[in-house]
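Spelled out, the chains give:
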Amino acid sequence: MDNPGAFTLGDFQIGAAGQLATQLAQIPSLAGMLAASLQVRLSGGTGGTKINVYIQSSIDQSQSWFDVANIAFANTPGVELLNLSALDKLSTPTAPSNLTLADNTVLDGPLGDRLQAVVISTGTYASGTLVSVRGVAR
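Below or above, wherever it landed, is the structure these notes cover. (Residues numbered from 1 in each chain as written. Predicted model: local features only at pLDDT ≥ 70, side-chain atom pairs only at ≥ 80, totals over all residues. Heavy atoms only, no water.)

## Looking at the overall build of the chain
Looking only at helices and strands, the chain features 0 helices and 9 strands. In terms of overall size, the chain behaves like a compact globule, its C-alpha atoms giving a radius of gyration of 14 Å where 138 residues would be expected to give roughly 14 Å. In terms of its C-alpha atoms, the chain occupies a principal-axis envelope of roughly 40 × 30 × 25 Å. Expressed as a percentage of its 138 residues, the buried residues of the chain come to 42%. In the chain, of all internal contacts separated by at least 6 residues, the share reaching a separation of at least 24 is 81%. For the chain, the exposed surface amounts to about 6700 Å²; the carbon and sulfur share of it is 53%. Here the chain carries 6 positive and 9 negative side-chain charges, and the mean point of each set is 4 Å from the other. (Helix = DSSP H or I, 4+ residues; strand = E, 2+ residues; numbered from the N terminus. Rg over C-alpha atoms; globule rule 2.2 N^0.38 Å. Buried < 20%, exposed > 50% of the residue type's maximum accessible area, 1.4 Å probe, protein only. Contact = heavy atoms within 4.5 Å. Areas by Shrake-Rupley, 256 points an atom, 1.4 Å probe, with all protein chains shown as cover. Lys, Arg positive; Asp, Glu negative; His and termini not counted. Charge placed at Lys NZ, Arg CZ, Asp CG, Glu CD.)

Printed below as a string of structure tokens:
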């Protein structure tokens, strides 16, 4: 892998319902990545309804994105861990999804040369609610 090591996909301040994504300038180059371990943390988190954190990859240098994980939080703080592996085979052709992967699901197999996080919140969360996404590529 060209750039192994730790990376961040962002810190997202959550308030009113909406959608936030990793800024294009922050998207790490992960060329040659075979696996990535990710930690998604919700701090605060009271008052809202649901937060989905989609981890997406791109094979065409950010022209289009597809879901590789969806981590769902209700309205309590928490931390979720997951591991993505490009070495797992996806033996059945699968249409890429964009912000539609089922809650708490990981799609192992396809990994492009970059990752992004997309956070979708419903309901209004208390001030100080934060979603943080960190990873280690190898």
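## Looking at the pairing of strand E3 (residues 35–43)
Pairing analysis gives 8 bridges linking E3 to strand E6 (residues 78–85), with the strands arranged antiparallel. Looking across to E6, one finds that valine 40 is bridged to glutamate 80. (Pairing = 2+ DSSP bridges.)

## Points about the sheet that holds strand E8 (residues 114–122)
Within the open sheet, the 5 strands sit side by side as E2-E8-E4-E5-E7. Their pairing is antiparallel. Looking at which strands have only one partner, the edges of the open sheet turn out to be strand E2 (18–21) and strand E7 (105–106). Pairing of strand E4 (residues 50–58) with E8, which is carried by 9 bridges, proceeds in the antiparallel orientation. Along E8, the bridge assignment pairs serine 57 with leucine 115.

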